[in-house]
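# Close look at the chain arrangement
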Amino acid sequence: MYAIIDLETTGGQPAQDRITEIAIYIHDGEKVVDEFSTLLNPGRNIPFFITQLTGISDDMVRNAPKFHEVARKIVEITEGCVFVAHNVRFDYSFLKKEFADLGYNYSRKTLCTVRLSRSLMPGQPSYSLGKLCQNIGIPLQDRHRATGDAAATAILFGRLLAISQQPEAGTDPELSPADALAAVDAAAPAGRKPGTAGKQPSPRKIKAVQEAIKTALLPPNITPEKVASLPQEAGVYYFHDEQGEVIYVGKSINIYKRIQQHFAVDYKSRKSIEFKNSISDITWELTGSELVALLYESHEIKRLKPLYNRAQRRSVFPAGIFLRTDEQGYKRLYYGRADDHAESHPLIALGNQYKAKGFLFHKVAKFNLCQKLCDLYKTQGACFDYQVHRCKGACLGLEPAEEYNKRVEEAIESFTYEHGSFVVIGQGRRPDEKSLVVVENGRYMGFGYVDEAFTARRFPDFRDAITRYNDNKDVQQIIRQYLRTSHKDKVKVFS
């Protein structure tokens, strides 16, 4: 048995929005045998744009029952049924949340008619409910109302079952007996047992329904075969939309497991659901090394600027923190534009001067540095911190340069590498290959691959073996954090 369900809500986020209307059609595999629908009082105002979309207003739901008043009916009518909806994750997530608020764990197997439609009706220009119904001649009245949408989904579901019907009977040998019996029982007409009167579902129907149930959490355009083909190795992966554009870039030491984790999430917000449903293809680039995967992911996000990647999208870092030594021997940190200091590379590159100034203020406070010597307090005399006894007097020459410079070095060590020039030698993409990540004078130069026969004694030999990539705050942080972990890579230091 199948419960074909559609909801209307006050918004797209189950955690904060509520249901305003529910419609349920019980389908026995051949026809609708029961139904239930009602408006619901969400206990809050319905946003104007939702009223414009659905036609459901505050006045219409004012005297409608609240969810807890119909919760028992929903449990009873859907008991033993597979939960079916067009984009099932959205409707199922809302019902689970409403029941969770009542202290009840509502759990049903789920089936998505978007996924089934793509499998059994390939080549449609669109699989949205409205356009799909229009294209295949299903009447759809009261669009964006629960009863109208659920009724159309019930007709669509019946057609999908009919398409999958084959003249031969029996069960698919690839399915376990338990899976086959469960699928046959779910598809059998009401009041009958599998194997008695009535035509049994074909192997194609059983397999289509069973696979849809098993893979209900996958994006509609991603097949189980595609997921099964993913490598269980380190690398960078890309999610593409229907036009082939990259919409997300990620990395993992095991691409297969990481993407399975992506799809195992029961997304709640409308934006998250849109993201998942827009994934039409997956590609990847193996890196062998976890560090290279981290660095290449950062590079690709900056290069492609995918729609659903927010972190690390900045590709230009025009400001930074610099170091100079004055005539009295004091090491002085200061911030500025990179363009104004072309002769010196910044200790760390930052997004703008405002961020650079804030970054330096933080280091001054943490390491008890002098605001004046860091160009953060313009004065001819003592800095402000000296007046409140937080500065030890370097601004007046009262603290020896040697003592002050030790704290400057500690501050620099907190955001730079332990060594100036070094190479991280890690795992390659094949057993006979190694990866190289090169840092020269505190600046990330790039990464590359060499075979096992590669030998190098001088730093330029390593530098010549890599592909150059941009240095920036993100990659500096990636390398620093990685080197602090219990990695198995070899770090070769050059003086």
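Residues numbered from 1 in each chain as written. Predicted model: local features only at pLDDT ≥ 70, side-chain atom pairs only at ≥ 80, totals over all residues. Heavy atoms only, no water.

## Quick notes on the nonpolar core
The cut-off we apply is this: The nonpolar core is taken to be a set of buried Ala, Val, Leu, Ile, Met, Phe, Trp, Tyr and Cys residues, with the residues joined through side-chain atoms within 4.5 Å. Partly exposed describes any residue whose relative accessible area lies between the buried limit of under 20% and the exposed limit of over 50%, with all areas from a 1.4 Å probe on protein chains only and scaled to the type maximum. By definition, any uninterrupted DSSP run of H or I lasting at least four residues is a helix, any uninterrupted run of E lasting at least two residues is a strand, and each is numbered from the N terminus. In this analysis, two residues are considered to be in contact whenever any of their non-hydrogen atoms come within 4.5 Å of each other.
Counting residues in each nonpolar core, the largest one holds 52 residues, and the members touching the most others are Ile 22, Ile 24, Ile 74 and Leu 95. Broken down by element, the residue count for this core peaks at eight residues, all from helix 7 (residues 146-164). For Ile 24, the residues in contact, after removing those within four places along its chain, are Ala 3, Ile 4, Ile 5, Asp 34, Glu 35, Phe 36, Ile 74, Ile 77 and Thr 78. Core analysis: the second largest hydrophobic core is formed by 27 residues, Ile 321, Tyr 330, Leu 369 and Cys 391 among them.

## Overview of the sheet that holds strand 4 (residues 82-85)
The condition that has to hold: Strand pairing follows a simple DSSP-based rule, namely that at least 2 bridges must link the two strands. Angles run from 0 to 180 degrees between N-to-C directions of axes, and those axes are lines fitted to C-alpha atoms, restricted for helices to the stretch in contact.
The five strands lie next to each other as 3-2-1-4-5, forming an open sheet whose pairing is mixed. Only two strands of the sheet have a single neighbouring strand rather than two, namely strand 3 (32-39) and strand 5 (110-112). Across the sheet, the axes of successive neighbouring strands diverge by a mean angle of 25°, strand direction being ignored. The sheet contact formed by strand 1 (residues 2-9) and strand 2 (residues 19-27) spans eight bridges and is antiparallel. In the sheet register, Ile 5 faces strand 2, and the bridge partner there is Ile 24. Against the sheet, helix 4 (residues 88-101) makes contact with strand 1, strand 2, strand 4 and strand 5, and its axis sits at roughly 80° relative to strand 1, the strand it touches most. Here helix 5 (residues 113-120) sits on the sheet in contact with strand 4 and strand 5, set at roughly 50° to strand 5.

## Here's the deal with the side chain of Arg 407
Tracing the chain through its elements places Arg 407 in helix 16 (residues 401-413). When its relative accessible area of 13% is taken as the criterion, Arg 407 is described as buried. Here Arg 407 is in contact with Phe 367, Asn 368, Leu 369, Lys 392 and Glu 399, once residues within four sequence places are set aside.

## Considerations on the pattern of salt bridges
What counts here: What counts as a salt bridge is simple: a side-chain nitrogen of Lys or Arg found within 4 Å of a carboxyl oxygen of Asp or Glu.
Tallied over the entire structure, the rule returns 23 salt bridges. Between Lys 31 and Asp 28 there is a salt bridge whose closest N-O contact spans 3.2 Å. For Asp 28, a relative accessible area of 1% translates into the label buried. For Glu 440, the salt bridge identified is with Arg 463, shortest N-O distance 2.7 Å. Pair noted here: Glu 440 is in strand 13 (residues 433-440) and Arg 463 is in helix 17 (residues 459-463), with a separation of 23 residues, a long-range link. Judged by relative accessible area, Arg 463 falls into the partly exposed class, the value being 21%. Connected through salt bridges with shared partners, the residues Arg 429, Arg 430, Asp 432 and Glu 433 form a single ionic network.

## Some points on the sheet that holds strand 9 (residues 319-325)
Here three strands make up an open sheet; going across it, the order is 10-9-11 and the pairing antiparallel. In the strand order of this sheet, the two ends are held by strand 10 (331-337) and strand 11 (348-350), each with one partner. Across the sheet, the axes of successive neighbouring strands diverge by a mean angle of 35°, strand direction being ignored. Two elements, strand 9 and strand 11, share three bridges in a ladder whose sense is antiparallel. Paired with Ile 321 across the two strands is Ile 348, which belongs to strand 11. Contacting strand 9, strand 10 and strand 11, helix 14 (residues 353-367) crosses the sheet at an angle of about 160° to strand 10.

## Structural notes on unusual backbone geometry
The phi angle at His 144 is positive, at roughly 70°, despite the residue not being glycine. By secondary structure assignment, the location of His 144 is in the loop between helix 6 (129-136) and helix 7. Classification of His 144 as partly exposed rests on a relative accessible area of 26%. One non-glycine residue, His 389, lies in the positive phi region at around 65°. Turning to its location among the elements, His 389 is positioned in the loop between helix 15 (384-387) and helix 16.

Keep in mind these values describe shape, not function.
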